[in-house]
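Working through the structure, step by step
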Amino acid sequence: MTPDTTQIARLRRRQRSRERRSPARRIGFILSLLVSLLTTVTALAAAQLYTGIIRDLPSLEMLPYLLEPPGGLLLNPTTIYDRTGEHILVQLDSSPSGDRAFLTTDASQPNFLPATLISATLAVHDPGFWGHAGYLIEGWTQNSHPTLAQRLVSDLLLWDEPPGVQQALRERLLASQATRRFGREKILVWFLNYTNYGRAAIGAQAAANLYFGKPASGLDLAEAAILAAASQAPALNPHDTPDIAQDRGQKVIQAMLQLGLVSAEQAEEAIQAKISFQPAPTNPLDPAPAFTNLVLQQLGGVIEPEMLARGGFRILSTLDFDLQRQSNCTGVVHLARLQAGTVADPRFDYDCEAARLLATSQPTTAQPLQDLELNLVILDPTSGQVLAMVGSPSPGVSLASLPGRPPGTLLTPFIYLTGFTRGFSPASLLWDIPANLPANLPVEVSYQGPQRLRMAMTNDYLAAANQVLAQVGAENVWRISQQMGLKTAILPRGEDIEAVLNQGQVGLLEISQVYAVFANQGIQSGLPSRANDGPQLVSNPLDAISVIRVEDASGRLWLDNSLFQARPVITPQLAYLVNDILSDEPSRWPSLGHPNPLEIGLPAAAKVGTTADGKDSWTVGYTPYLVVGVWVGTNNSRSSTNLSYRESAVLWNAMMKYASRDKPVQGWIMPSGLNTLAICDPSGMLPSSECPAVVNEIFLAGSEPTHVDTLYRSLQVNRETNRLATVFTPPEMVESRVYFIFPPEAADWARQAGLATPPDAYDVIPDALSYSPSARITSPVMFAPLRGEVTILGSAGGDDFMFYRLQAGKGLNPTQWFQIGADQTKPVDEGELGVWDTDGLDGLYAIQLIVVHQDTRIESAVMQVTVDNQAPEARIDYPTRGQVFSADTTRILFRASAFDNLALASVEFFIDGRSVARLASEPYIYYWTAASGVHVLQVVAEDLAGNMSESSLEFTLGQ
């Protein structure tokens, strides 16, 4: 290499080094790298997008499989069957025969598509149909389908895909492929044969027959335009909105004119044409229209209604065809009898066995009842399946779901159920007295006084229910009702029983499903709710089941509900308490008489309900195998109809007897955790010698009474003065009487009931014995309650004083005395006479001071006292030990029970050692404003003698 060559090479190396260090070169390199990466990423993204678009793309062969005769699945209407699959309930088709004629464009065939209908359809759906490739770019972000091919593949192939960019691209790809594969004419024919024209008219032939009484081939331009408009908005069809349908048809004609599809003369003639619509046919006989609508309503959350209407589905429902037929027939007979006011009319001799069971019942009223409607539901509580459903045939009543009505006293069991969760029992003493009802209650009420909760619940004693409602809190009652399945928007919002009578709204199916929880021992059965009507009240709400299985004509399974779900709602013990009360026939006799329509000859629980305005009569009753709910009422606010429970109970009786004819005669087995105990009626406490009636009652384990009855008490009275006898009452004037001890708030009721008022004043004390200065007891005072060691104060002395003696004797007039201490020889002037140790003693005692003088003169003083060394009993009924409340709890109800052999002075509540309430009388309840954390609740009971007892537990708010 020559020097020149070496120098040149060196210079080149330096130049390359400078170029590598040049910023411009580095930037250029980076930009080139980024462009390459962007190109690669774009290519990969495009490939991924394309892969996503074509992944699992439905086969185009589905279109002829669904639409092409003779075997096209959509040529067969959707059919709903009973639970056996042997009886057709209804076909979703406007054609009575259920056959869907397939139309072609061949005018030589008897069934062909007229050119007027084709042009009108293209004018509103796809004006560029003959020119584009089966799809259009516009509208892809608005979930619209601007071509017939796009509409076809969206409805039939991509129906289950969510709207979005990917769905829009897949729709256009399939539309393009379908147009190339089958041709435009086939796309047009398919569209006109499967589109929905409203009123279950699927396809042009069905629509032409339904609305115009002619085949599609006979449609003129005006009629074809109206059908084309109906295919855009099926709800605006000629039967439902005739004027709107005709106006929309004229707008279609104007669109055709603008597109050059008709001449001006043709358009003017069609616009001026007088259109005559075929009258809407009567609905084909559907034995269960209310049930059918329930089926469609529940399927709407699984299969698009449009798809169901197009056809091809076989729906196996839960309906028991025989029960439905009997329910229909019996309902008609019963309603006719009510409206005629008699059972003797030969027109009521219908040929159904269940209706003949009504013949043994007397008419519910001697006067005809008008404007009546009737609903009936029969459920299987173990599976949650609907077996029968009757909706009122009256005009204006929606059969999609049975109408909601005020439930009235049908809700009172939920008040008592809430009470059971907070310490009440079927034996709890309630007071059905005027003081426990709000003023101006809009119903006439007769008061029954003290009642066991069992009797109050079965006989709907409103004041007693209101007493429980006030103690447990309306908020807690409605919360439990919602957890049982009642909707929040329909429950009363008031704080007393008046709200229950006047407010709220429930549907018969809904309330029957709630009572089914009791029938199924606390478990709700059904399927998860697919309703989207606001926040759910429970984590897994279950709806009653109306559909067992859905499959298409090819046998493909779309829905299988054969396996139901179950969730515990309340404990079996709580459910049993309700079942035992509502199935107790004798307990209902005071209000319903005997026999009454709730007695069917086998164990059955039932609850009737009436409203304040008398326009609703409810009966819901059940066995372990069946729930039957009945509502009879009127929606006419101006009606003078005044209903009792019998209007619904008589029908319930007949249907329950019929539906139970093949069922086992079996009630509910008592679960563990419950005990039976003999108690005094009505106090609910242990029987005493004065108790007039002893009954057996059931209790949650641990809640049994431990205190002897105090409602009936034997008192010793001066029979002449009617005052409480004392030691000074002559023995021959004393007699024992058993009195009913009622609280002050029950005084008015007791007076009206003619009950003797227990005396509260003591017999007269002779003045000569009360003021002797030489022998006087100043403490304890007359009739004082004592306990433990008692210091006796007073005076003992006087002229010629020798000694004094203290003695005590049990009873009003003691026959035996025992000495207190030794004889004392020193006089006492207003000082301590002695100390009496009362340990081990209880009851009425007399303390006697005897002063003996040296001249053998004796003076004495007597003091009547009550010795009470027995501590009261305190018990916390609610909350339970270790109970955990949710963090969103704002108030907690504390409820305690306290008993004493004589009389309580107070019951005091402590939270974490701090006193929060001190109560002098029942009910012993306190609403505490909740604070998060672990807390200790303590209840202290004190009697008049100062004896005390306490009960405490720990609970937690939030975790």
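As the structure is a prediction and not an experimental result, all values here were calculated from the model.

For the rest of this paragraph, the subject is the overall build of the protein chain. A tally of regular secondary structure across the protein chain gives 26 helices and 35 strands. If you take every contact in the protein chain between residues at least 6 apart in sequence, the share linking residues at least 24 apart comes to 68%. Roughly 43,500 Å² of accessible area belongs to the protein chain as shown, and the carbon and sulfur atoms make up 52% of that amount.

The subject of this paragraph is the sheet that holds strand β5 (residues 385-390). Within a sheet, adjacent strands bond to each other through the backbone by hydrogen bonds, running parallel or antiparallel. Sheet architecture is open: five strands sit in the order β5-β4-β15-β14-β13, paired in antiparallel fashion. A strand with exactly one partner marks an edge of an open sheet, and here the two such strands are β5 and β13 (605-610). Within the sheet, the average angular offset between the axes of one strand and its neighbour, ignoring direction, is 10°. For strand β4 (residues 373-380) and β5, the ladder comprises five bridges, and the chain directions are antiparallel. In the sheet register, I378 faces β5, and the bridge partner there is A388. Running over the sheet, helix α14 (residues 321-340) touches β4, β5 and β15 (627-633) and is turned about 35° from β5.

What follows deals with the packing of helix α9 (residues 221-232) against helix α10 (residues 242-258). Running from N to C, α9 and α10 cross one another at 105°; their axes reach a closest spacing of 8 Å. By the angle between their axes, α9 is roughly perpendicular relative to α10. For the pair α9 and α10, contact is made by L221, A222, A225, I226, A228, A229 and Q232 and by A245, Q246, R248, G249, V252, I253 and M256, respectively. Grouping the constituent residues of the contact of α9 with α10 by class yields ten nonpolar, three polar and one charged.

On inspection of all chains with the given rule, the structure shows 30 salt bridges. We note a salt bridge from R405 to D616, for which the minimum N-O separation is 2.7 Å. Of this pair, R405 sits in the loop between β5 and α16 (412-420) while D616 sits in strand β14 (residues 616-622), and the two are 211 residues apart along the sequence. As far as the burial class goes, R405 and D616 line up, both buried. Residues E697 and R454 are paired through a salt bridge, measuring 2.5 Å at the closest nitrogen-oxygen approach. Of this pair, E697 sits in strand β17 (residues 694-700) while R454 is found in helix α17 (residues 453-458), placing the two residues 243 residues apart along the sequence.

Right, let's talk about the nonpolar core for a bit. Formed by 86 residues in total, the largest nonpolar core has its most connected members in M484, I511 and Y622. Discounting residues that sit within four places of it in the chain, M484 has contacts with F414, L417, V514, V517, F518, Q524, V569 and I570. Core analysis: the second largest hydrophobic core is formed by 62 residues, L113, L158, L174 and A267 among them.

It is worth spelling out the sheet that holds strand β8 (residues 523-528) at this point. One open sheet holds the three strands; their spatial order is β9-β8-β12, and the pairing between them is antiparallel. Looking at which strands have only one partner, the edges of the open sheet turn out to be β9 (542-543) and β12 (565-568). Relative to β12, β8 runs antiparallel, the two sharing four bridges. Its bridge partner being in β12, S525 is matched across the sheet by A566. Where helix α21 (residues 508-519) meets the sheet, it contacts β8 and β9, and its direction lies at approximately 135° from that of β8.

Geometry of an aromatic ring pair is reported as the spacing of the ring centres plus the angle between the planes. According to the stated counting rule, one finds 24 aromatic pairs in the structure shown. Taken together, a centroid distance of 4.8 Å and an interplanar angle of 80° make the contact between F129 and W130 edge-to-face. On the basis of relative accessibility, which here comes to 53%, the residue W130 falls in the exposed class. Summarising the aromatic geometry, the rings of Y515 and Y622 are spaced 6.4 Å apart at their centres and angled 50° between planes, so their arrangement reads as tilted.

This part covers the side chain of H132. Mapped onto the fold, H132 is located in the loop between α4 (115-125) and α5 (148-156). In terms of polar contacts, H132 uses its side chain to reach the side chain of D126, at 2.8 Å. In contact with H132, not counting residues within four places along its chain, are D126, T147 and R184.

The subject of this paragraph is the confidence of the model for the protein chain. Per-residue confidence for the protein chain averages 86 on the pLDDT scale, and 86% of its residues sit at or above 70. Put simply, helix α26 (residues 767-770) is where the protein chain has its lowest mean pLDDT, 53, and helix α22 (residues 572-582) is where it has its highest, 98. With pLDDT under 50 throughout, residues 344-348 is counted as low confidence; its partners more than four residues away or in other chains account for five contacts. Low pLDDT (under 50) marks residues 393-401, which in the prediction has 15 contacts with non-local residues, meaning those over four places away or in another chain.

So, about the pairing of strand β30 (residues 891-899). Most of β30 is tucked away, with eight of its nine residues classed as buried. Across five bridges, strand β28 (residues 873-878) lies against β30 in antiparallel orientation. Looking at the pairing, Y878 lines up with R895 of β30. Summarising the sheet, β30 and strand β33 (residues 924-929) pair through six bridges and their orientation is antiparallel. Looking at the pairing, I892 lines up with W928 of β33.

This paragraph deals with the state of the cysteines. Under the criterion given, the structure shown has two disulfides. Here C329 engages in a disulfide with C352; their sulfurs sit 2.0 Å apart. Here the S-S torsion is close to -80°, and the disulfide linking C329 with C352 is therefore left-handed. In this pair, C329 is assigned in helix α14 and C352 in the loop between α14 and α15 (353-356), connecting sequence segments 23 residues apart. In this model, C680 is linked to C691 through a disulfide, with the two sulfur atoms separated by 2.1 Å. An S-S torsion of about 105° defines the bridge between C680 and C691 as right-handed.

What counts and how
- Residues numbered from 1 in each chain as written.
- Predicted model: local features only at pLDDT ≥ 70, side-chain atom pairs only at ≥ 80, totals over all residues.
- Heavy atoms only, no water.
- Helix = DSSP H or I, 4+ residues; strand = E, 2+ residues; numbered from the N terminus.
- Contact = heavy atoms within 4.5 Å.
- Areas by Shrake-Rupley, 256 points an atom, 1.4 Å probe, with all protein chains shown as cover.
- Pairing = 2+ DSSP bridges.
- Axes fitted to C-alpha atoms, helices over the stretch in contact; angles between N-to-C directions.
- Parallel < 35°, antiparallel > 145°, perpendicular 65-115°, else oblique.
- Nonpolar A, V, L, I, M, F, W, Y, C, P; charged D, E, K, R; others polar.
- Salt bridge = Lys/Arg side-chain N within 4 Å of Asp/Glu carboxyl O.
- Buried < 20%, exposed > 50% of the residue type's maximum accessible area, 1.4 Å probe, protein only.
- Core = buried A, V, L, I, M, F, W, Y, C linked by side-chain atoms within 4.5 Å.
- Phe/Tyr/Trp six-rings, centres within 6.5 Å; stacked < 30°, edge-to-face > 60°.
- Polar contact = N/O pair within 3.5 Å; in protein donor to acceptor, adjacent residues only side chain to side chain.
- pLDDT = per-residue confidence, 0-100.
- Disulfide = S-S within 2.5 Å.

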